[in-house]
Amino acid sequence: MSTEQHDSDAYGQELARIGYHQSEATGARFSVFQALAAAGIAPEQADEIVSKLEAGAVAGAHTWISESSPPHGSDPQFEDGWFAGVRDVASHLLRIADTTATTQRGLAASSALLLAHPRQPASPGPLPAQGPAPTLDPKKVLAAAQRCTWALVDPGDFLGPEASDEILAVALGAVREDEKAGYVERLEAFAEQHRARLEELLRAYGPGSAPASHGRYMLAGRPESLIICERMEAVPFLLRSRWDNALEAVLLDDLEFAWGPRTRLSR
């Protein structure tokens, strides 16, 4: 087995182990929210409690990384590189802890809805006739995404001017019927609200960044990524189900890691 093959297999095993822990954490979070609700804790307070716990876990990783040392007897240049890498990782972990502690809102309410959904009574009868369902024009949505995204990064930094029809179709497939009529306006409002965060994502993971140079984070910097990030925040489970049935999971996993949504579903 070649060194490259061994490295690829080892990395795949790491991703599988991380995915297992993330899956277990999602289930545990649901259980905690359910227990807090049974104890009479309001959703807002439950979000705050769980956010602090998760931020504390990230802070613990920060401490562990910050206190690590290079192997004894290492070359001075190796030690310099080691400590520089530790500082970069520690700074990133600190940003994650700050974000986790302050932005994870609405998870308790979402969990309550998911738990209650299977117990909803059946409809008493057929719904009254309605007009034709609203439709999404992919070209108009993509044009809106391009307007928002081009305003956030220099056009020369894009991977290419043409969007992937398949990626766009999957992302728009996660837009619910009741959201289609005003989705373009919703997307524009999302871009404006999260402008600084989008700029940081493109700076850290977009074309020309160190992570992108390794062939990952291919969606960062594309217009479709704005739609995907908006759907990650709004309907993460629906987006993941659409994605896993049509596209490579690693594409969404990378963008999910870079964006850091409230609900992380990468496996």
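Our subject is the structure that appears above.
A brief look at the structure comes next. No experiment lies behind these values; they were computed from the predicted model shown.

**Some points on the overall build of the chain**
Here is step 1 of the chain: The helix and strand tally for the chain stands at 11 helices and zero strands.
Here is step 2 of the chain: Counting only residues that meet the buried cut, the chain has 34% of its 267 residues in that class.
Here is step 3 of the chain: Pairs at least 24 residues apart make up 74% of the contacts formed inside the chain by residues separated by at least 6 positions.
Here is step 4 of the chain: As displayed, the chain has an accessible area near 16000 Å², and 58% of this comes from carbon and sulfur atoms.

**What about the pattern of salt bridges?**
Here is step 1 of the chain: For the coordinates displayed, the defined rule picks out 17 salt bridges.
Here is step 2 of the chain: In this structure, Arg-186 engages Glu-179 in a salt bridge whose closest nitrogen and oxygen atoms are separated by 3.4 Å.
Here is step 3 of the chain: Residue classification places Arg-186 among the partly exposed positions, given a relative accessible area of 35%.
Here is step 4 of the chain: A salt bridge links Asp-244 to Arg-240; its shortest N-O distance comes to 3.4 Å. Pair noted here: Asp-244 and Arg-240 are both in helix α10 (residues 236-244), with a separation of four residues, about one helical turn.
Here is step 5 of the chain: Each of Arg-176, Asp-178, Glu-179, Arg-186, Glu-230 and Arg-231 takes part in salt bridges that share partners, so that together they form one network.

**Observations regarding the packing of helix α6 (residues 165-173) against helix α9 (residues 223-234)**
Here is step 1 of the chain: With their axes 9 Å apart at the nearest point, α6 and α9 run at an angle of 25 degrees to one another. Comparing the axis directions of α6 and α9 gives the class roughly parallel. The handedness of the crossing between α6 and α9 is left-handed. Between α6 and α9, the residues in contact are Ile-167, Leu-168, Ala-171 and Leu-172 and Glu-224, Ile-227, Ile-228 and Arg-231, respectively.

**Brief notes about unusual backbone geometry**
Here is step 1 of the chain: Not every positive phi belongs to a glycine, and Tyr-217 is a case in point at roughly 55 degrees.
Here is step 2 of the chain: Counting through the fold element by element, Tyr-217 comes out in the loop between α8 (195-205) and α9.
Here is step 3 of the chain: Tyr-217 gets classed as buried once you look at its relative accessible area, which sits at 15%.

**Looking at the nonpolar core**
General note: in soluble globular proteins, nonpolar side chains tend to be found buried as a group.
Here is step 1 of the chain: Counting 38 residues, the largest nonpolar core has Leu-172, Tyr-183, Leu-201, Leu-226, Ile-227, Ile-228 and Trp-243 as its most contacted members.
Here is step 2 of the chain: Among the elements of the structure, α5 (138-150), α6, α7 (183-193), α8, α9, α10 and α11 (249-259) are those that each provide at least two residues to this core.
Here is step 3 of the chain: Apart from the residues within four sequence positions on either side, Leu-172 is in contact with Leu-136, Pro-138, Val-141, Tyr-183 and Ile-227.

Rules used in this analysis
Residues numbered from 1 in each chain as written. Predicted model: local features only at pLDDT ≥ 70, side-chain atom pairs only at ≥ 80, totals over all residues. Heavy atoms only, no water. Helix = DSSP H or I, 4+ residues; strand = E, 2+ residues; numbered from the N terminus. Buried < 20%, exposed > 50% of the residue type's maximum accessible area, 1.4 Å probe, protein only. Contact = heavy atoms within 4.5 Å. Areas by Shrake-Rupley, 256 points an atom, 1.4 Å probe, with all protein chains shown as cover. Salt bridge = Lys/Arg side-chain N within 4 Å of Asp/Glu carboxyl O. Axes fitted to C-alpha atoms, helices over the stretch in contact; angles between N-to-C directions. Parallel < 35°, antiparallel > 145°, perpendicular 65-115°, else oblique. Left-handed = near helix turned anticlockwise from the far one by under 90°. Core = buried A, V, L, I, M, F, W, Y, C linked by side-chain atoms within 4.5 Å.

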